[in-house]
Each structure stands twice: as C-alpha cells, then as structure tokens.
Amino acid sequence: MTSPRLDAKIPGGNISEKWTQYKSTVALVNPANKRKLEIIVVGSGLAGSSAAATLAELGYKVKVFCFQDSARRAHSIAAQGGINAAKNYQNDGDSTYRLFYDTIKGGDYRAREANVHRLAEVSASIIDQCVAQGVPFAREYGGLLSNRSFGGTQVQRTFYAAGQTGQQLLLGAYSALMRQVGYGTVKMYARHEMLEVVTVDGKARGIIARNLVTGELERHFGHAVLLCTGGYGNVFFLSTNAMGSNVTAAWKAHKKGAFFGNPCFTQIHPTCIPVSGDHQSKLTLMSESLRNDGRIWVPKKAGDTRKPIDIPEDERDYYLERRYPAFGNLVPRDVASRAAKERCDAGFGVGASKMAVYLDYASAIERYGKVEANKQNLVNPDKATIIKLGKGIVAEKYGNLFEMYAKITGENPYETPMRIYPAVHYTMGGLWVDYNLMTTVEGLYALGEANFSDHGANRLGASALMQGLADGYFVIPYTIGAYLAKEIHTNPISLDHPAFTEAEQRVKGIIEKLINIKGNKSVDHFHKALGKIMWDQCGMARNAEGLKWAISEIRKLREEFWKDVRIPGGAMEVNPELEKACRVADFLELGELMCIDALNRNESCGGHFREEYQTEEGEALRDDDNFAYVAAWEFHEGYEWSLHKEDLVFENIKLTQRSYK
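Q: What is the right way to look at the nonpolar core in this model?
A: Side chains of nonpolar character tend, in soluble globular proteins, to be buried together. With 191 residues, the main nonpolar core has Ile83, Leu226, Tyr445 and Ile480 as its most contacted residues. Top element by residues in this core is helix H16 (residues 576-600). It accounts for 13 residues. Split by domain, this core shows at least three residues from each of two domains, domain 1 (272-424) and domain 2 (508-623). Excluding its chain neighbours within four sequence positions, the residues that come into contact with Leu226 are Ile39, Ile40, Val41, Val42, Ala51, Leu55, Tyr445, Leu447, Ile476 and Ile480. Among the nonpolar cores identified, the runner-up in size contains 6 residues, and Trp297, Ile311, Ala356 and Tyr358 belong to it.

Structure (structure tokens):
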C-alpha cells in the first residue's frame, strides 16, 4: 500500500489526456508576478540549462550554479549515441504509445506510467526545439532528419549528431541559457558547488554554495530550488561518468527530508572499453549506437588465444543473436551486460584480461560498401573496393567513436574488432519526485537523472537526453507554476535568517572537520576501496550474503575515513582534494543505502540482478506481487533509513515477463 507520505499527484483521466488536461488547468503566474520570483537551478547540463533558459524567458529571475568553469562542461556533453523521439520519420510503426510501451518494458515495469507517457508525448517537440536552435542532427540525402536503432526497440527513433549528440544538444541549450544571461534574467555562478539546502518552515528557500576558487561559503535565496545535478555512478569509483560527477547536491537534499527513490537501480552499460589496470580513474563508453551495426561475439572455444581475424566464422558465437533472435545485438543494456558477463565468467572472454567480448564491424563495412558501390554504378567491384567504400560510410556515421577507440587502445577498429565489457554508466534511482517533479520537500525539485521517475530498473539507450530536455524545456515550466502561484506574496527571505546561518555553520563544521583530520590516507584510497566493495557486491550481480557483508564493510570504511583521511592545503583556497573529500563522504553514506535497498528488494528486475531470483535461463525474475513499487527511503540521524512505498499501478500496460527473443 502506498505510503501516505507519498502523494504522486498524478492527474485523473485517460493516460493520453492527463498531460494535456493538466496543462490546461494548472495554476499560472502572471508576467508581472514572475519578475518578483527567484529560482535557483543547481547544475548546468541539459536539464539545468534548458530549465534555466526556459524559466528565464518566461520572466522568472534565475540563478544557475555549476562546479565546472563553464556550463558547457556539464557531463551531458559526454553522451554520444542519440536522443529518442516518437516522430515516426521512418514510417516503421513508431508512435507515442510505442515509445511509452518500450520505455516501461525496458525498465522492467518499475516506472510510473503517467510520467513515462508524458515523456513520450513531449519527445517530438524536443527535436523541433533543438532543430530551431541549430543542433546539427544527421540528415538523409534528401534533407530529412536521419534515425537509427537503439537497444530495446524494433523501430528507428533515435536522432543523432554523429557520435557527439550530447555535446551538440548541450551547445543548443547553452546558447539559449547564455542568451538569457545576456539579457540579465539569468545570473551564472560557475566554479560554485552547492553544499546544503536551506529550508524555512519546511520549504526550500535557498542553498549554501562554496566558491571553489576562494573557498568562501555563500548564501543564496530562492523561492524554489531545482536540482539538475545528474547521477551518482561515481560511487563505484570506476564508471563512465566524468570524474567530477557526484551525488552531493541530491544527498544534502536527502538528508534535509527529500526521499531517495530506488537507489539500487544502477545501469551497467555493455559497450565500454575494458579496464586495463589499477592506474585508471575512469572508464570510457563506446556508444550504444555502435550496436546498431556492430555484431557482438566471442570464440566458441573457451580460452581461445587466436587473433579475432584468424577465427573462422563458424567458430564464432554471436551469442546475443543466438539467445535473442528477435532483437539480436539490440537487446536492452541490462540484458546485453549480463550476457557478456556470463560468457566471460564461463571462460570465453577475450583479450589479455579475458574480461572482454568483441564488437565487430567487418560485416557492416562490407554491407555498406556494396550499397555504396551500387550507388556509384560500379559493376563487379573487387572486395578491396567494397571494403574501402564501406569504411568511408562507417567513418561518416561513427568516425569520432572509432578515432576515440584507436587513441585509447592503439588498435584500428576498422581492421580488428573492438574489445568491450560492461561498466557502470547511469543511475535510474534518484530523489523521489511527484508528477510535478517536486521532491518530498516543498519547493525543492529534481530534474533529469537526479530524479527517479522515468526509467524504472533499466534505462533504454538514447532516453537520458530525452528526459533531461523534456523536464527542462517542457515539464517544469508548467509544473512549477502550481507551486509558485501560491508564493507570489512571499518576500525574499533575508540571508541573515537563522536558517541560513545554521546551514552555513553546518557546512563550515564539516569542512573544518575534514581539514583537521590530517590522517595518512588519500581521498582516492577510500574512494577506490568503496568502489571495489560496490562493484563486487552491488554491481552486475547481487546476493543477500554479499550485500550484508558490503553494508558492514562500508560502515567500517566510513569510520576509518573520518579518522584517517589526509587533505593537503586549506579551506580558503582552490583545493580539489577538499572538493573530492566532501563528495566521497557522501558516497560513503549513499553506498550503504544502495546496498540496503538492494538487500530489501528480493527480486531481480532490470539492472538489479539478485542471483537468488532468476529464471531457468538466467533471466531476471520479478516478483510483481510484492515489489511492484517505488522504494522511497527517508533519512534519519545516525545513518538510519525508513522505507516508504509508492505502489505502481499499471492500467495501460500488462505486466508480463520481459522477453526479447
């Protein structure tokens, strides 16, 4: 039964009409009143930049905070493959409902129907918005926008800009943001990190931010606070996230009363460059778009040490095509990741570490080459010509990804298959939000990856960019009005208010405590130790015994951190180690909650794979009778959490065992 503390505020009516009806009836703020209202946006990625630009254009006063030196450097820039939208340009059967269905099914039936349908509805508008901003999406010969396939779908709905879609979309949102900065409606605070939420009478009224250049703590008021701060994959230390990506803003909100939803739902991406040694500080993602044309395989013979080009076709196991004939190499990420792990664990892995599989473009190069030869009216071209033409087409579609792989590995992926292995990528968990994107703290919102709402237990590829821009451009501008319409008589609260003073003192106390420990071990020592525990026990596979052990070990590690961490330098200066220490302190608390959540969820679903709960064929085995809910955790002092449940009601999609065969 849904906890009385969790009111999702889902509108009534048919699911296809909820959002339209909501927009037509939601409270509005008139232009003159908007100029009186101040909104704080934390984070400048796609969700943050699009929200800030749109809200400022509507007339609100907006402050934007990012810890990077420019909003352009937000981690959204790293997204490569594309952005989904139900425009059906390919005339292959796509629709709003099919995108809705694919997303619910891909998330293993652990997402909220109303939010996902809204996402599918606004997806088409995102493309129009971005084209108007000049985003250089790939186009067909006749000028129409091009699409490609991604995992978990049987249609082509992914719009893309070569292998740098995130960068191009962010530049579009950044341009819109900086236009408002130029008008004076947005004030940018680069190199500032939010370290506390300020609440007054239970409502979010501002933040405490640290100036990362001077070390000064600053107080900032807002009638509402929007957290657009991304995910928490770096709790694993090694992930595809930028090294600066962290959970601090969301975690501070959680400790101020914002419930944390589904923290154990972590996405493992199947297409990453394998770990090469202990020296690494992050991992590199090879876009899922490569699975659009590449074929994944391992040798049929365990322990085969031959070069891939020396292994004949009949001695190769294209295991995804064999196991999942309907979807083949385009199964969802969680399915592909587990399949790669199973093959490697069984002794069929490749490369020096044997913890990798091949992603092969030979057949795609030949196929494209033959098509291009026909287009050029070449009669009976030899194989060398076909391969040359095919490489040109592949370079046009995926060139920068191939270049990146070659620079990192020293291997030519046009000549020999890439080696890939799963790695931590995205987090479906995040702050619990209602239909309005508001957390359980009034006036505090979470957008994009920072919230839990749209992806269930597994995110389909090319949906992160879609959610970030949907929340920022098309959802929050409406939903925030429902709250701010009641706040037009609230005057700006003085920065000398006791709530601001108390919050700043709390932040100052934590920083001073960290600086004064003067221990013997670096911040990275603790971060790596935490990451190993999390990856081994709460990564691609989990079990009760391992999770209980992990919880115990994380508590010991956290205690040691607060006794023996070493932070050189002082607080009132540029100090990257202090920044890292503050973030790792939060990871050490989040890690425990992730394991508690994983231990509590006695089922397998999506990226949460409990070894005790699987089918005879090794697939995830859900328990819909007992776990068809959002786990929303409330923080209590002393590192205690209580569980609140939001029951998931499926009125439009039938709950079934996922099958991609």
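Still more to cover.
Q: Where do I start with helix H7 (residues 248-255) in this structure?
A: Since one α-helical turn is 3.6 residues long, residues separated by three or four positions face the same way. Burial runs high along H7: 7 of the 8 residues are buried. The first or second residue beyond H7 is Gly257, which carries a positive phi of 120°.

Q: Explain the sheet that holds strand E12 (residues 295-299) to me, please; I cannot follow it from the model alone.
A: Through backbone hydrogen bonds, the strands of a sheet pair up, either in parallel or in antiparallel fashion. Ordered in space as E11-E15-E14-E12-E13, the 5 strands form an open sheet in which the pairing is antiparallel. The two strands at the open ends of the sheet, each matched to only one other strand, are strand E11 (266-272) and strand E13 (316-317). With 2 bridges joining them, E12 and E13 adopt antiparallel strand pairing. By the bridge assignment, Val298 is partnered in E13 with Asp317.

Q: What exactly am I supposed to notice about the pairing of strand E7 (residues 203-211) here?
A: If a strand is regular, its side chains alternate between the two faces of the sheet. Judged by how many residues are buried, E7 sits mostly within the fold: 8 of 9 residues are covered. Of the strand pairs in this sheet, strand E6 (residues 192-200) and E7 are connected by 8 bridges, and their pairing is antiparallel. Bridge pairing in E7 links Glu196 to Ile208. Linking two consecutive strands that pair antiparallel, namely E6 and E7, is a turn of 2 residues; a positive phi of about 55° is found at Asp201 within it. The pairing of E7 with strand E8 (residues 217-221) spans 5 bridges and is antiparallel.

Q: Can you help me understand the sheet that holds strand E17 (residues 444-446) in this one?
A: Judged by pairing direction, the sheet is parallel, and its 5 strands sit side by side in the order E5-E2-E1-E9-E17 without closing on themselves. Either end of the sheet is taken by a strand with one partner, and the two such strands are strand E5 (186-190) and E17. Sheet twist, expressed as the average angle between the axes of neighbouring strands with direction ignored, equals 20°. The strands touched by helix H6 (residues 165-183) are strand E2 (61-66) and E5; relative to E5, the strand with the most contacts, the crossing angle is about 115°. Packed onto the sheet, helix H12 (residues 464-484) meets strand E1 (38-42), strand E9 (224-227) and E17 and runs at close to 150° relative to E9.

Q: Even after reading the chapter, I still don't get unusual backbone geometry, so can you show me in this structure?
A: Peptide bonds are mostly trans, and most non-glycine residues show a negative phi. Of note, Tyr109 is a non-glycine position whose phi angle comes to about 60°, a positive value. For Tyr109, the position within the fold is in the loop between helix H4 (96-106) and helix H5 (113-132). Exposure remark for Tyr109: the relative accessible area of 0% places this residue in the buried category. For Asn262, which is not glycine, the phi torsion reads 45° and is therefore positive. Within the element layout of this structure, Asn262 appears in the loop between strand E10 (260-261) and E11. Classification of Asn262 as buried rests on a relative accessible area of 2%.

Q: What should I look at first to understand the domain arrangement of the protein in this one?
A: A common way to report how large an interface is uses the accessible area buried once the components associate. Taken domain by domain, the protein holds domain 1 (272-424) and domain 2 (508-623). Across the contact, 9 residues belong to domain 1 and 8 residues belong to domain 2. Summed over the shared surface of domain 1 and domain 2, the result is 0 salt bridges. Counting every contact that joins domain 1 to domain 2 gives 2 residue pairs in polar contact (both at pLDDT 80 or more). In terms of residues, the side of domain 1 that touches domain 2 owes the most to one element, helix H9 (residues 333-348), which gives 4 residues. Its residues placed into classes, the side of domain 1 that touches domain 2 shows 4 nonpolar, 1 polar and 4 charged.

Reading the values: the criteria
Sequence order as written defines residue numbering, which begins from 1 separately in each chain. Reporting of local features is limited, given that this is a predicted model, to residues whose pLDDT is at least 70; pairs of side-chain atoms are given and counted only at 80 or more, and all residues count toward the totals for whole chains, interfaces and linings. Hydrogen atoms and water are omitted, and side-chain values are computed over all heavy atoms in the structure. Each nonpolar core is a collection of buried residues, namely Ala, Val, Leu, Ile, Met, Phe, Trp, Tyr and Cys, held together in the definition by side-chain atoms within 4.5 Å. Think of it in three bands: with a 1.4 Å probe and only protein chains considered, a residue is buried below 20% of the maximum accessible area for its type, exposed above 50%, and partly exposed in between. Numbered from the N terminus, helices here are DSSP runs of H or I no shorter than four residues, and strands are runs of E no shorter than two. All the domain ranges listed were derived from an automatic or database domain assignment. Throughout, a residue-residue contact means that at least one pair of heavy atoms, one from each residue, lies within 4.5 Å. For two strands to pair, DSSP has to find at least two bridges joining them. Only the stretch in contact is used when a helix axis is fitted, and all axes are lines through C-alpha atoms; the angle between N-to-C directions ranges over 0 to 180 degrees. When a carboxyl oxygen of Asp or Glu is within 4 Å of a side-chain nitrogen of Lys or Arg, the pair counts as a salt bridge. Nitrogen and oxygen atoms within 3.5 Å of one another constitute a polar contact, given that in protein one can donate a hydrogen and the other can accept it, and given that sequence-neighbouring residues count only through two side-chain atoms. Under the scheme applied here, ten amino acids are nonpolar (Ala, Val, Leu, Ile, Met, Phe, Trp, Tyr, Cys and Pro), four are charged (Asp, Glu, Lys and Arg), and all others, including Gly, are polar.

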